[in-house]
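# Working through the structure, step by step
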Amino acid sequence: MPLADPRQAWKVVYLLPEILLVVLCGMMAGAEDFCEIERWANRKLDCLRRLLPFENGVPSHDVLNDVINALPAKLFPECFANWVESLREREPDIVAIDGETSRRAHGKNGAPLHLVSAWASRQRLVLGQQAIEKISNENVAIPLLLERLELSGALVTIDAMGCQR
């Protein structure tokens, strides 16, 4: 199922692909919130316009926040994973599974965000991530992450945490 724009069509000023591109590139450039993403995008607008029109300039941090938060929480990661999978080379690769705690990212309960990631080493690309409640739950999240990925022919590595019973 494609990712549909959740906004009312007649109120759309900034196209969904423009918003997704700004957020993705801004985060990859190190921006940690929507204000930083907006500042980054304003500095890089000429570069962004090589990819998409941005006829109305860069969306404000409020627009970025509202649109990203309006996207279906379960569908967005699936669409993103499908897009990333389309970028992956078809030859077998080394995929490293590892858990990390994100710095300065907290859930609703105030606890730090823990993620298990699948990293394709040759492409230098994260193939997928699975959030976990506690770092000790990595061994529960790993099968959920692996289930979503097509890893036929790949060599999958994992640290000691994933080897526990």
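Residues numbered from 1 in each chain as written. Predicted model: local features only at pLDDT ≥ 70, side-chain atom pairs only at ≥ 80, totals over all residues. Heavy atoms only, no water.

Where nonpolar side chains cluster on the molecular surface, the patch consists of Phe80, Trp83 and Leu87 and spans about 290 Å² of accessible area. Summarising the element assignment, Leu87 is placed in helix 5 (residues 75-87). (Patch = residues over 30% accessible without salt bridge, like charges linked within 9 Å, V, L, I, M, F, W, Y side chains within 5 Å. Areas by Shrake-Rupley, 256 points an atom, 1.4 Å probe, with all protein chains shown as cover. Salt bridge = Lys/Arg side-chain N within 4 Å of Asp/Glu carboxyl O. Helix = DSSP H or I, 4+ residues; strand = E, 2+ residues; numbered from the N terminus.)

So, about the nonpolar core. Counting 17 residues, the largest nonpolar core has Ile19, Val22, Ile37, Ala41, Leu48, Phe54 and Leu64 as the members making the most contacts within it. Contributing elements (two or more residues each) for this core: helix 1 (16-28), helix 2 (34-43), helix 3 (45-48) and helix 4 (61-70). In contact with Leu64, not counting residues within four places along its chain, are Ile19, Val22, Val23, Phe34, Ile37, Glu38 and Pro59. If you look at the next biggest cluster of nonpolar residues, it comprises 14 residues, including Val84, Val95, Val116 and Leu145. (Core = buried A, V, L, I, M, F, W, Y, C linked by side-chain atoms within 4.5 Å. Buried < 20%, exposed > 50% of the residue type's maximum accessible area, 1.4 Å probe, protein only. Contact = heavy atoms within 4.5 Å.)

For the rest of this paragraph, the subject is the packing of aromatic side chains. For the coordinates displayed, the defined rule picks out one aromatic pair. Arranged with centres 5.6 Å apart and planes meeting at 50°, the rings of Phe80 and Trp83 form a pair that is tilted. In this pair, Phe80 and Trp83 both sit in helix 5, three residues apart, roughly one turn of the helix. Assessed through its relative accessible area of 41%, Trp83 is described here as partly exposed. (Phe/Tyr/Trp six-rings, centres within 6.5 Å; stacked < 30°, edge-to-face > 60°.)

With respect to the helices and strands, Leu71 occurs in the loop between helix 4 and helix 5. We classify Leu71 as buried; its relative accessible area is 7%. In this structure, Leu71 is in contact with Leu3, Ala4, Pro6, Leu16, Leu20 and Phe76, ignoring residues within four places of it in sequence.

Throughout the structure, instances matching the rule amount to one salt bridge. Two residues, Asp5 and Arg7, come together in a salt bridge whose shortest N-O distance is 2.6 Å. The exposure class assigned to Asp5 is partly exposed, which follows from its relative accessible area of 28%.

Next up on the list: the pairing of strand 3 (residues 125-132). Direction of pairing for strand 2 (residues 112-120) relative to strand 3: antiparallel, over a ladder of seven bridges. Counted as the bridge partner of Ala120 is Leu125 from strand 3. From the end of strand 2 to the start of strand 3, which pair antiparallel, there are four residues, and Arg124 there has a positive phi angle of about 55°. (Pairing = 2+ DSSP bridges.)

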